[in-house]
Amino acid sequence: MAKKKGYQKSIRVKLIELLISILVISALIYVFSYTDSNTLKIFTGIAFGLFLFGVIIVKFGSPDEPEPKKEDGVTKLVLLDEEGESVKEWFIQGETSLLIGKSSSQNEVDIDLADAEYAALISKQHAVLNQASGNWFIEDIHSKNGTGIKQPNKRDKSKLEIEQPHNVKAGDIIYIANTRLLLK
């Protein structure tokens, strides 16, 4: 029912736009064909130009208007093996902070890499993944073997400075020592 209502509204809007267009074209034909007043023609030309400019701005947005913020769409972390195949997944949508490391009887983490191939290189509390204002940030928390990021459009990975948050998006690969986590 809601879909039908939206469809009917869309038809009404298009019909109103069509009627306004017919009215504007009729007014232009009248002014430029049947009147002798140059002042009226100049005024009508300027008004029509401003009207067209307004229509273009409404339809396509202003050129200096910033792009609306797109959500990065990160919903899960995927543990990758050497061949880049998925080994394990964690659904993180709705979370705000996730501790990455190795769980033990004294230490519990959200993203447990204790059974990862390079687990010996991973600190018990290696990194933290935080969400703020719709963006995800990774931060190394004094790990022994570091945390890195590789963005899909870059060739090399970058190593994070300790306790310096780094913005990450879907498609980025987080390196926890030599273990790779893909953000999807």
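Since the model is a prediction, treat every value here as computed from it, not as a measurement.

J.: Could you give me a rundown of the pairing of strand S6 (residues 135–140), with the residues and numbers involved?
T.: The element S6 is largely enclosed, with a buried count of five among its six residues. Relative to S6, strand S5 (residues 125–132) is paired through six bridges, and the arrangement is antiparallel. Following the sheet pairing, Val128 is matched in S6 by Glu139. Where S5 folds back on S6, the antiparallel hairpin that results is connected by two residues, among which Ser133 adopts a positive phi of roughly 55°. The pairing of S6 with strand S9 (residues 166–168) spans three bridges and is antiparallel. Looking across to S9, one finds that Phe137 is bridged to Asn167.

J.: Talk me through the environment of Lys124; I want residue IDs and the actual numbers.
T.: Inspection of the secondary structure puts Lys124 in the loop between strand S4 (111–112) and S5. Under the relative-accessibility criterion, Lys124 is labelled partly exposed at 48%. Considering only alpha carbons, one finds Lys124 and Asp112, twelve residues apart in sequence, at a separation of 9.1 Å. Filtering out sequence-adjacent residues up to four positions away, Lys124 remains in contact with Ile100, Gly101, Lys102, Ser104, Asn107 and Val109.

J.: Tell me about the environment of Phe137, residues and numbers included.
T.: Within the secondary structure layout, Phe137 lies in strand S6. Given a relative accessible area of 25%, Phe137 falls into the partly exposed group. Each C-alpha atom, one on Phe137 and one on Asn167, is 4.4 Å from the other, the two residues being 30 residues apart in sequence.

J.: Which residues make up the UniProt feature "transmembrane region" (unreviewed entry) in the chain, and what are the values?
T.: Per the UniProt record, the feature "transmembrane region" (unreviewed entry) sits at residues 12–34 and 40–60. Taken end to end, residues 12–34 is 100% helix and 0% strand, and its first and last C-alpha atoms sit 32 Å apart. Secondary structure content for residues 40–60 is 100% helix and 0% strand, while the C-alpha to C-alpha distance between its ends is 30 Å.

J.: I'd like a rundown of the sheet that holds S4, residues and numbers included.
T.: Reading across from one edge, S4-S3-S5-S6-S9 is the order of the five strands in this open sheet, with mixed pairing throughout. Two strands close off the open sheet at either side, each with one partner strand: S4 and S9. As judged from the five bridges shared by strand S3 (residues 97–101) and S5, these two strands associate in the antiparallel manner. Across the sheet, Gly101 pairs through a bridge with Gln125, a residue of S5.

J.: Could you give an account of the layout of surface pockets, with specific residues and numbers?
T.: Empty space within the largest pocket amounts to approximately 220 Å³. If you trace the largest pocket, you find it lined by Glu17, Ile20, Ser21, Val24, Ile25, Phe48, Phe51, Gly54, Val55, Val58 and Lys59. Residues that form the lining of the largest pocket fall into these classes: seven nonpolar, two polar and two charged.

About the cut-offs
Residues numbered from 1 in each chain as written. Predicted model: local features only at pLDDT ≥ 70, side-chain atom pairs only at ≥ 80, totals over all residues. Heavy atoms only, no water. Buried < 20%, exposed > 50% of the residue type's maximum accessible area, 1.4 Å probe, protein only. Helix = DSSP H or I, 4+ residues; strand = E, 2+ residues; numbered from the N terminus. Pairing = 2+ DSSP bridges. Contact = heavy atoms within 4.5 Å. UniProt positions renumbered as here; feature names shortened; annotations may be inferred. 1 Å grid on protein atoms, 1.4 Å probe; cavity = no way out; pocket = protein on both sides within 12 Å on 5 of 7 lines; lining within 4 Å. Points joined across faces, edges and corners; volume = space filled by probe spheres on them. Nonpolar A, V, L, I, M, F, W, Y, C, P; charged D, E, K, R; others polar.

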